[in-house]
Amino acid sequence: MTRSDLVEELAARFSQLTHRDAEFAVKSILDAMSDALVRGHRIEIRGFGSFSINRRPPRMGRNPRSGESVAIPEKRVPHFKPGKALREAVDKRTAEIEARK
């Protein structure tokens, strides 16, 4: 599902929202989540999952073309951990789809 798919789904589900309002709502939520992660906060959405920042320490890598060692700096990357309800729902629905085949 892409951002535009999410906007379309929101606009279709709530008829009082125009396409522009749904687009603004999705953008606002994603911007707020991005800002929270940038500030180092953890985001927890009950029943869905949590977003946090993981630190990857600096390391020595290798250039595959020349074989030369390259220093890779420290990174902070977003991490998503699905909640129990989401994991169970995905497992149940995929099992139902597999059973139909």
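A short note on the overall build of the protein
Step number 1: Along the backbone of the protein there are three helices and five strands.
Step number 2: When the helices and strands of the protein are read in sequence order from the N terminus, they spell out α-α-β-β-β-β-β-α.
Step number 3: For the protein, whose C-alpha radius of gyration is 20 Å, the value lies well above the compact-globule estimate of 13 Å for 101 residues.
Step number 4: Referenced to the eigenvectors of the C-alpha coordinate spread, the extents of the protein come out at roughly 55 × 40 × 30 Å.
Step number 5: For the protein, the residues scored as buried account for 15% of the 101 residues in total.
Step number 6: Once the 21 positive and 14 negative side-chain charges of the protein are each reduced to a mean point, those two points are 7 Å apart.

Considering the pattern of salt bridges
Step number 1: Using the criterion set out here, one finds six salt bridges in the structure.
Step number 2: In this structure, Asp 31 engages Lys 27 in a salt bridge whose closest nitrogen and oxygen atoms are separated by 2.8 Å. Linking Asp 31 with Lys 27, this pair stays in helix 2 (residues 19–38), spanning four residues, or about one helical turn.
Step number 3: Measuring nitrogen to oxygen at the nearest pair gives 2.1 Å for the salt bridge that ties Arg 55 to Glu 74. A residue pair is termed long-range when its members are at least 10 positions apart, and Arg 55 in strand 2 (residues 49–56) and Glu 74 in the loop between strand 4 (69–72) and strand 5 (75–82) qualify at 19 residues.

Regarding the sheet that holds strand 1 (residues 43–45)
Within a sheet, neighbouring strands are paired by backbone hydrogen bonds and run either parallel or antiparallel to one another.
Step number 1: What the three strands build is an open sheet, ordered 1-2-5; its pairing is antiparallel. A single partner strand is all that each edge strand has here, and the edge strands are strand 1 and strand 5. On average, each strand axis in the sheet is tilted by 25° relative to the strand beside it, whichever way the strands run.
Step number 2: Bridge analysis of strand 1 against strand 2 gives three bridges, and the strand direction is antiparallel. Counterpart to Ile 43 in the pairing with strand 2 is Phe 51.

Calculation criteria
- Residues numbered from 1 in each chain as written.
- Predicted model: local features only at pLDDT ≥ 70, side-chain atom pairs only at ≥ 80, totals over all residues.
- Heavy atoms only, no water.
- Helix = DSSP H or I, 4+ residues; strand = E, 2+ residues; numbered from the N terminus.
- Rg over C-alpha atoms; globule rule 2.2 N^0.38 Å.
- Buried < 20%, exposed > 50% of the residue type's maximum accessible area, 1.4 Å probe, protein only.
- Lys, Arg positive; Asp, Glu negative; His and termini not counted.
- Charge placed at Lys NZ, Arg CZ, Asp CG, Glu CD.
- Salt bridge = Lys/Arg side-chain N within 4 Å of Asp/Glu carboxyl O.
- Pairing = 2+ DSSP bridges.
- Axes fitted to C-alpha atoms, helices over the stretch in contact; angles between N-to-C directions.

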